[in-house]
Structures are given as C-alpha cells and as structure tokens.
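Notes for the structure review
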Amino acid sequence: MHTYFTGDRPNGRLHLGHYVGSMKTRLARQHTGEQYLMIADYLALTDNIDDPRAIAANVLEIGTDYLACGIDPRHTTCFVQSDVLELQALTAIYLNLADCAEILDNTAKNEEIDRRGFGSAAPAGMFTYTVSQVADITAFGADRVPVGTDQIPLVAFAADIVRRFNSAFGSTLVVPEPDLASTGRLPGFDGRPKMGKSLANTIDLSDSDDTIVDKLAKLPIDLHRPDDAWGVYYREFTGADPQDEAASGEVMTARIRSRITEAVNAAIAPIRERRATYAADPAEVARLLTDGGVRASEVATETLRNVKTAAGLRYTPARPR
C-alpha cells in the first residue's frame, strides 16, 4: 500500500486548475492508500508576513475546499503545517544535506521570486522552500507525491536528499516518486498556458454558473488548433476528442463554447453545493484540521526520532559515579 503526500499554499480558494492538476488524483488515492494533505501556512508567510491574518482566513478556505471536493478526513489526514512542529526540526537537519548552489539555482524558486517581483529583496524563507518541502514529504513516509508535471523537479530533489541521508546514515527514509495527474496543467480561461491567482485567469471552485459563463466567454477558440487551451477543456470536461470538431465557423464555435461551459458548470455544481454547507460551519472545519494535526504530529514525531537516531543526534547523559 502506498503513502501519499501533497499540500497547498493558503493563498485563497482552490480553483479548477487545482482540481484537475492534483485534487482528482487525491480523491482517487485516498481510497487506495494512506494519504496526508497539508495546508502550507509557513510557506505562505514569504509573501504575507505583513498580513498573517490573511493566511489564517485562507487556511479555512482551503480546508473548506478540501471537504467540498470530497476529501474525507476518515481516509485523508488533513492538517496545517504549523501544527506539526517536527517539520521544522527535519528541515534544519536536511538543510545540511543540500548545498547553496542547488538551492540558489533552483529554477522553480527563481521563477517564483521573479513572478512576485521580489528581486534581491526576496525573503530568506524563499530559499529554504525546497528543503522544507522535503521535510513535509518525508515526515510521513510518503513514497508517492501527487503532482503536475511542473512539480516533478521538486519530487526529484526530495528523492536526492533522501538518498544522501540514507547513504550517510543508513536506510532510514523512503524515496518518494511523483504520482502524475492524467491531465497535467489546466490553462487559464484566457488561453494562457497556466491558470493562477496572480494571473487573474482562474475559475474558482466556488464560482457561480453566471461567473463561469462570463469567464469562459473569454476562452479563445480556434477550431483549426485543437491542441490549444479550448481543446484541453473540451477533452477534460466533455470527455470527447476536440479533433472531431473539424468544421469551422461562428455557429460551430458557439456550440463548442456552450458545451465546454455546460460541462465545467456540471463539474463544479456539486462542489459548490457542498462548499456552502461546510462554509456555514467554519468551527467544524477548524476542528477537523486540528484533529488532523494531532494525527500528523504523531507520525512526524516517529520519523524525527528515527532520523535523529540514525544521524547520531540522540544523546544519553553520562551516569553519575
């Protein structure tokens, strides 16, 4: 049986890109193995340190989205990163297995710094991102990490750190592998290759029917280019092959847009309905996350104990004579 780990930064409500890119995989995996799902509030501090209250609000939003999508706390341990103190201890140890060059040259991290406009003023927390994520993965013995293709380098880096630790101190940690979603990255409704909050091109899982209609009205459709964004939506949500839509013309384009819109609305409607129920009781959402944190800490404590023992970091005081 596999153990799965993934997480999300609490930067706002989940959107359709999250659902296609990882949530569908998570929903399937929670019934085939042991799964841990983390809300990474410490990672969110890098661009919210001036307003940490925004993180607190978004933690509940993300937790509500998990439940609305169908994540079951009886089968998936959902928790908040800062509730598991052992993760920071593991990060401190793993930082000594990574060298500065590979952290500074990390492409994903550098792209994120550029995207947020940090420049040379990037917070130091950005530079421990990747190692912190290794701690998150290994703390729960995860051998599979459900990710999109853009996160494969992260899992590969985690596997490298694990191998370095095991090589130095003996086989202690589990080597993780990526568990890829079948669709990969969902484009934004504006046709850009990535859907993201910072790009203002997301379809949120809480969006109303009318909002989805308005957003998908902006989706570019060129019937001679079925591999474009519209083709990804068409294949993912209607289940049909966009190559079959060979004819062109205004009427045909309108019909395809209508099919995509109806299919997206049909996918989101039950999530939106469940979300309204959970959002009406935020105390229950908070309780479920707290309970998950207790369970996660128990597992992470055992991992930290094993790591410290293997690395010779457990000390027995000398007996008095």
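So, here's what we can say about the structure. (Residues numbered from 1 in each chain as written. Predicted model: local features only at pLDDT ≥ 70, side-chain atom pairs only at ≥ 80, totals over all residues. Heavy atoms only, no water.)

**Some remarks on the overall build of the protein chain**
Looking only at helices and strands, one finds twelve helices and five strands in the protein chain. In terms of overall dimensions, the protein chain is globule-like: its C-alpha atoms have a radius of gyration of 22 Å, near the 20 Å expected for 321 residues. Counting the 321 residues in the protein chain, one finds 47% classified as buried. Counting only contacts in the protein chain whose residues sit at least 6 apart along the sequence, the fraction spanning at least 24 positions is 76%. (Helix = DSSP H or I, 4+ residues; strand = E, 2+ residues; numbered from the N terminus. Rg over C-alpha atoms; globule rule 2.2 N^0.38 Å. Buried < 20%, exposed > 50% of the residue type's maximum accessible area, 1.4 Å probe, protein only. Contact = heavy atoms within 4.5 Å.)

**Some words on the pattern of salt bridges**
Overall, the coordinates contain 22 salt bridges when judged by the stated rule. In this structure, D51 engages R53 in a salt bridge whose closest nitrogen and oxygen atoms are separated by 3.8 Å. In this structure R53 comes out as exposed when scored by relative accessible area, which is 69%. (Salt bridge = Lys/Arg side-chain N within 4 Å of Asp/Glu carboxyl O.)

**Description of unusual backbone geometry**
With a phi close to 55 degrees, A200 is a non-glycine residue in the positive phi region. Relative to the helices and strands, A200 resides in the loop between β5 (177–180) and α9 (209–216).

**Topic: the packing of helix α3 (residues 52–69) against helix α12 (residues 282–310)**
Two elements in contact, α3 and α12, have axes whose closest approach is 10 Å; the angle formed by their N-to-C orientations is 85 degrees. With respect to α12, the element α3 is oriented roughly perpendicular. In contact with V59, L60, G63, T64 and L67 of α3, α12 contributes P282, V285, A286, L288 and L289. Among the residues making up the contact of α3 with α12, the classes are represented as eight nonpolar, two polar and no charged. (Axes fitted to C-alpha atoms, helices over the stretch in contact; angles between N-to-C directions. Parallel < 35°, antiparallel > 145°, perpendicular 65-115°, else oblique. Nonpolar A, V, L, I, M, F, W, Y, C, P; charged D, E, K, R; others polar.)

**Some words on the packing of aromatic side chains**
For the structure shown, the criterion picks out seven aromatic pairs. Ring centres 5.9 Å apart and planes at 10 degrees place the aromatic pair F5 and F140 in the stacked group. One end of the pair, F5, is in strand β1 (residues 3–8); the other, F140, is in the loop between α7 (129–138) and β4 (144–147), and 135 residues separate them in sequence. Accessibility expressed as a relative area gives 4% for F140, which makes it buried. Between W230 and Y234, the ring centres sit 6.0 Å apart and the planes meet at 70 degrees, which makes this aromatic pair edge-to-face. Remark: Y234 and W230 occur in helix α10 (residues 229–238); sequence separation between them is four residues, near one turn of the helix. (Phe/Tyr/Trp six-rings, centres within 6.5 Å; stacked < 30°, edge-to-face > 60°.)

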